[in-house]
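This is what each chain is made of:
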Amino acid sequence: MTNAATRYLYLARHGEASEDETTLTEGGRRQAVLLGERLRNTPLSAIHHGPLPRARQTARLIGAQLDAVPLHQSELAGDYVPYLPTKEELPPDAAEAMLSFLAQVPDEERDRGPALAREALTAFTGPVDGDRPRHELVVTHNFLIGWLIRAALDAPEWRWMGLNHGNAALTVIRYAPGRPSSVLFHNDMRHLPTELRWTGFPPELHI
């Protein structure tokens, strides 16, 4: 029987992006550097990141603060809708607003997203083979982080919606053999100064 060890999955949303999303803002670059400094003593074995510039640049800036942690670009860590609910699945008082939001998503994202999301669960979650714990960072986007958190909590598939993540904030999920997955912390911004926190959120959610 193959031995299994605990996986610690670190999830970070990319740093603050420019209006056209082709690059990071100055603040977004600073956010990425500070997150890398926070992770400097974490025994990361890999950094996975999505293919879009804002995720790729964030991962590189984080990696520059670490000691030779390899970077791997992955479409699974990209920006896509992970699940498309039906009206019947959603809370009656919120269903119309949620479906209106999803209707704005391009067809390509709607068609490919759910398959990518299922593959992401296989690639990034669960215990790992061997006898040593593995620590991995995924630099990605808001939707995938919500999807992985809701899966860790065994929440309904539509519940990726409503789980928001700040730019360069950090979430950690533990997958231990023989135990339920556990969200150790979520949307942690302690490494960011006040002026760089809560970017990526509407003003009413700046707590």
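Residues numbered from 1 in each chain as written. Predicted model: local features only at pLDDT ≥ 70, side-chain atom pairs only at ≥ 80, totals over all residues. Heavy atoms only, no water.

Asker: Whenever I open this one, the packing of aromatic side chains confuses me. Can you help?
Answerer: Any two aromatic rings considered together are summarised by their centre-to-centre distance and by the angle between their planes. One pass over the structure, following the stated rule, counts 4 aromatic pairs. Note on F101 and F143: the rings are 6.1 Å apart at their centroids and 85° apart in plane angle, and the pair reads as edge-to-face. With F101 in helix α3 (residues 95–103) and F143 in helix α5 (residues 142–152), this pair connects stretches of sequence that are 42 residues apart. Site record: aromatic cluster; members linked through ring pairs are F101, F143 and W160. Over the aromatic face of W147 sits the side chain of R150, whose NZ or CZ is 4.2 Å from the ring centroid. When the ring centre of F185 is taken as origin, the NZ or CZ atom of R190, which lies over that ring, is 5.9 Å away. (Phe/Tyr/Trp six-rings, centres within 6.5 Å; stacked < 30°, edge-to-face > 60°. Helix = DSSP H or I, 4+ residues; strand = E, 2+ residues; numbered from the N terminus. Lys NZ or Arg CZ within 6 Å of the ring centre and 35° of its normal.)

Asker: Before we go on, may I ask you to explain the nonpolar core in this structure?
Answerer: Nonpolar side chains tend toward joint burial in soluble globular proteins. By size, the foremost hydrophobic cluster in this structure holds 29 residues, and its most contacted members are L9, L11, F124, W147 and W160. Going through the elements one at a time, β2 (7–13), α3, α4 (107–124), α5 and β7 (170–175) are the ones with two or more residues in this core. At 7 residues, the largest contribution of residues to this core is made by α5. The next biggest cluster of nonpolar side chains, apart from the first, holds 16 residues, and it includes L35, V69, A168 and L170. (Core = buried A, V, L, I, M, F, W, Y, C linked by side-chain atoms within 4.5 Å. Buried < 20%, exposed > 50% of the residue type's maximum accessible area, 1.4 Å probe, protein only.)

Asker: I tried to follow the pairing of strand β8 (residues 182–188) on my own but got confused; where do I start?
Answerer: Residues in a regular strand point their side chains to alternate faces of the sheet. As defined by bridge partners, β7 adjoins β8 across 4 bridges and the pair is classed as antiparallel. Following the sheet pairing, R174 is matched in β8 by S182. (Pairing = 2+ DSSP bridges.)

Asker: Is there a simple way to think about unusual backbone geometry in this case?
Answerer: Glycine aside, the phi torsion of most residues is negative, and most peptide linkages are trans. A positive phi is found at E21, a non-glycine position, where the angle reads about 60°. In this fold, E21 is placed in the loop between β2 and α1 (26–38). By relative accessible area, which is 41% here, E21 ends up partly exposed. Of note, D154 is a non-glycine position whose phi angle comes to about 55°, a positive value. Counting through the fold element by element, D154 comes out in the loop between α5 and β7.

Asker: Is there a simple way to think about the environment of D67 in this case?
Answerer: As for its placement among the helices and strands, D67 is situated in the loop between α2 (53–64) and β4 (71–73). On a C-alpha basis, the gap between D67 and A123 in space is 24 Å, while along the polypeptide they are 56 residues apart.

Asker: I'm lost on the sheet that holds strand β3 (residues 44–49) in this one. Help?
Answerer: As summarised here, the arrangement of the 6 strands in space is β4-β3-β6-β2-β7-β8, forming an open sheet in which the pairing is mixed. Both edges of this open sheet fall to β4 and β8, since each of them pairs with a single strand only. Across the sheet, the mean angle from the axis of one strand to that of its neighbour is 20°, orientation sign disregarded. Of the strands in this sheet, β3, β4 and β6 (134–140) touch α2, which is tilted by about 160° from β3. α4 contacts β2, β3, β6 and β7 of the sheet and is inclined by roughly 135° relative to β2. (Axes fitted to C-alpha atoms, helices over the stretch in contact; angles between N-to-C directions. Contact = heavy atoms within 4.5 Å.)

Asker: Just to check I follow, could you spell out the packing of α4 against α5 for this structure?
Answerer: Angle between the axes and distance between the axes are the two parameters that describe a pair of packed helices. Contact geometry for α4 and α5: axes closest at 11 Å, N-to-C directions at 60°. On the basis of their axis angle, the class for α4 and α5 is oblique. Helix-helix and strand crossings are classified by hand; for α4 and α5 the assignment is right-handed. Judged by residue contacts, A117, A120 and L121 of α4 engage L144, W147, L148, R150 and A151 from α5. For the contact of α4 with α5, the class distribution of residues is 7 nonpolar, no polar and 1 charged. (Parallel < 35°, antiparallel > 145°, perpendicular 65-115°, else oblique. Left-handed = near helix turned anticlockwise from the far one by under 90°. Nonpolar A, V, L, I, M, F, W, Y, C, P; charged D, E, K, R; others polar.)

By themselves, these observations are geometric and do not establish any function.
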